[in-house]
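Summary of structural features
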Amino acid sequence: MYNLILKILLSQLISSNTLIETPTAYFPKFPSFVEGGFTTSFALRSLEEEFEPHPYDFDIFVQGIFNGKYSAILKIYTLRDLGLDFSYQIIDEIGNIPAIAMGIRNITYKKYINPAGGEPPEGGFKDENYDHRNPEILSLYLVSTKKFGKRFIINAGIGRGEFIGYGPRSKYLNLDIFSKDFHDWTFGIFGGIKFFLTNYLSIILEADGRDFNFGIKFERDIFQFTLQTNKLEHIFWGTNEYPLSPRLTASFSINSSAAP
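Residues numbered from 1 in each chain as written. Predicted model: local features only at pLDDT ≥ 70, side-chain atom pairs only at ≥ 80, totals over all residues. Heavy atoms only, no water.

Another point: the overall build of the protein. Check the secondary structure of the protein and you find one helix and 14 strands. Burial status across the protein gives 50% buried among its 260 residues. With the model as given, the accessible surface of the protein reaches about 12700 Å², and the carbon-plus-sulfur share is 66%. (Helix = DSSP H or I, 4+ residues; strand = E, 2+ residues; numbered from the N terminus. Buried < 20%, exposed > 50% of the residue type's maximum accessible area, 1.4 Å probe, protein only. Areas by Shrake-Rupley, 256 points an atom, 1.4 Å probe, with all protein chains shown as cover.)

Right, dumping it as structure tokens:
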């Protein structure tokens with residue numbers, strides 16, 4: 001059967017086949033599937049001008065999957081920040097074998113691209129403008145997803161580009177920790193866990209190689225709602241010398257799906 005989800009995105013990616021923002025190897029399995037909604041985020045605290053964060057976003061999105069295995073996404077962060085994402089499910093979950101998928105984010109004409117728009121040293125989120133920022137263009141990744149029992153999902157992957165950070169803690173999540181130099185094509189780890197409190201309500205904790213995120217997701221029938229705190233590391237490990245801000249993000253989507 002033929003599945004289609006066509007997605008235009010003006011935000012960080014929060015969709016049916018992401019944990020929160022990190023990709024999973026799970027894809028919706030409907031003959032036809034159209035999803036659309038919005039994402040909005042804002043900084044949780046105002047800071048002095050030197051560290052002023054990207055204050056506010058309001059983003060809309062519409063997603064697409066073909067044959068339950070191929071995904072294509074057009075992202076529009078700003079009118080000048082456009083990119084394409086593609087992913088492919090190599091195998092679906094079978095018994096003790098996890099689902100595995102591969103993909104590439106940010107097929108674009110710009111070396112640096114993120115939801116805040118702009119390029120270093122002024123553009124993008126302030127906490128991601130490291131002395132060396134790994135270019136987001138062509139962010140390749142491989143991810144594995146496995147459900148344990150009825151309520152627990154583990155997601156883990158490796159990737160480059162947007163999955164690479166060089167902060168005080170994120171620097172330990174990629175291979176450049178073993179080198180004195182920075183490499184645009186280094187690879188790092190990302191992943192997270194999802195626990196279902198009920199059949200429809202879950203809590204999620206993830207690290208994407210740059211940020212530490214916590215979210216609550218409600219999924220039922222034709223709609224999905226996610227409330228999350230991004231960049232949670234700025235709550236736990238923020239300092240007066242480097243006072244950056246966490247962000248609060250809400251995402252709501254509705255979908256139309258047909259039974260097989």
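Attention now goes to the pairing of strand β13 (residues 223-230). Of the pairings in the sheet, the one linking strand β12 (residues 212-220) to β13 comprises seven bridges and is antiparallel in character. If you follow Arg-220 over to β13, its bridge partner there is Phe-223. Where β13 meets strand β14 (residues 247-257), eight bridges bridge the pair, whose relative direction is antiparallel. Bridging across to β14, Phe-225 finds its partner in Phe-252. (Pairing = 2+ DSSP bridges.)

Take the confidence of the model for the protein next. Confidence in the prediction for the protein averages 81 pLDDT; 79% of positions are at 70 or higher. For residues 1-11, every residue scores under 50 in pLDDT, and the model assigns this stretch 63 contacts once sequence neighbours within four places are set aside. (pLDDT = per-residue confidence, 0-100. Contact = heavy atoms within 4.5 Å.)

What follows covers the pattern of salt bridges. Tallied over the entire structure, the rule returns six salt bridges. In this structure, Arg-105 engages Glu-162 in a salt bridge whose closest nitrogen and oxygen atoms are separated by 2.7 Å. Highlighted residues: Arg-105 in strand β7 (residues 99-107) and Glu-162 in the loop between β9 (152-159) and β10 (188-196), separated in sequence by 57 residues. Accessibility assignment for this pair places Arg-105 and Glu-162 in one class, buried. Between Glu-219 and Lys-194 there is a salt bridge, and its shortest N-O distance comes to 3.1 Å. A residue pair is termed long-range when its members are at least 10 positions apart, and Glu-219 in strand β12 and Lys-194 in strand β10 qualify at 25 residues. What makes Lys-194 buried here is its relative accessible area of 9%. What you see here is one network of salt bridges that share partners, running through Arg-133, Glu-136 and Arg-210. (Salt bridge = Lys/Arg side-chain N within 4 Å of Asp/Glu carboxyl O.)

To continue, consider the nonpolar core. By size, the foremost hydrophobic cluster in this structure holds nine residues: Ala-25, Phe-27, Ile-65, Ala-99, Ala-101, Tyr-141, Val-143, Phe-163 and Phe-190. For this core, the secondary-structure elements that each account for two or more residues are β7 and β8 (139-148). Dropping the residues within four chain positions of it, Phe-27 is found in contact with Asn-17, Ile-65, Gly-68, Lys-69, Tyr-70, Ser-71, Ser-87, Tyr-88, Gln-89 and Ala-101. (Core = buried A, V, L, I, M, F, W, Y, C linked by side-chain atoms within 4.5 Å.)

Before going further, it helps to examine the packing of aromatic side chains. Scanning the model with the defined rule gives eight aromatic pairs in all. Centre to centre, the rings of Tyr-200 and Phe-218 are 6.4 Å apart; their planes meet at 50 degrees, and the pair counts as tilted. Note that Tyr-200 is positioned in the loop between β10 and β11 (201-207) and Phe-218 in strand β12, a separation of 18 residues in sequence. For Tyr-200, a relative accessible area of 33% translates into the label partly exposed. Here a set of aromatic residues connected by ring pairs shows up, and it is made of Tyr-200, Phe-218, Phe-223 and Phe-252. Positioned above the aromatic ring of Phe-148, the side-chain terminus of Lys-146 is 5.2 Å from the ring centre. Just above the ring of Trp-185 sits the side chain of Arg-160; from NZ or CZ to the centre is 4.1 Å. (Phe/Tyr/Trp six-rings, centres within 6.5 Å; stacked < 30°, edge-to-face > 60°. Lys NZ or Arg CZ within 6 Å of the ring centre and 35° of its normal.)

To find leftover empty space, a probe the size of one water molecule is rolled over the atoms. The space that makes up the largest pocket amounts to roughly 720 Å³. In this structure, the largest pocket is lined by 29 residues; those nearest its centre are Ser-16, Pro-28, Lys-194, Glu-219 and Gln-224. For the lining of the largest pocket, the secondary-structure elements that each account for two or more residues are β2 (33-43), β8, β10, β12 and β13. Sort the elements by how many residues they give to the lining of the largest pocket and β12 lands first, with three residues. (1 Å grid on protein atoms, 1.4 Å probe; cavity = no way out; pocket = protein on both sides within 12 Å on 5 of 7 lines; lining within 4 Å. Points joined across faces, edges and corners; volume = space filled by probe spheres on them.)

The next thing to look at is the environment of Ser-16. Relative to the helices and strands, Ser-16 is located in the loop between β1 (7-9) and β2. Placed ten residues apart in sequence, Ser-16 and Tyr-26 show a C-alpha to C-alpha distance of 8.4 Å. With sequence-adjacent residues up to four places away left out, Ser-16 is seen in contact with Pro-28, Phe-33, Glu-35, Gln-63 and Gln-224.

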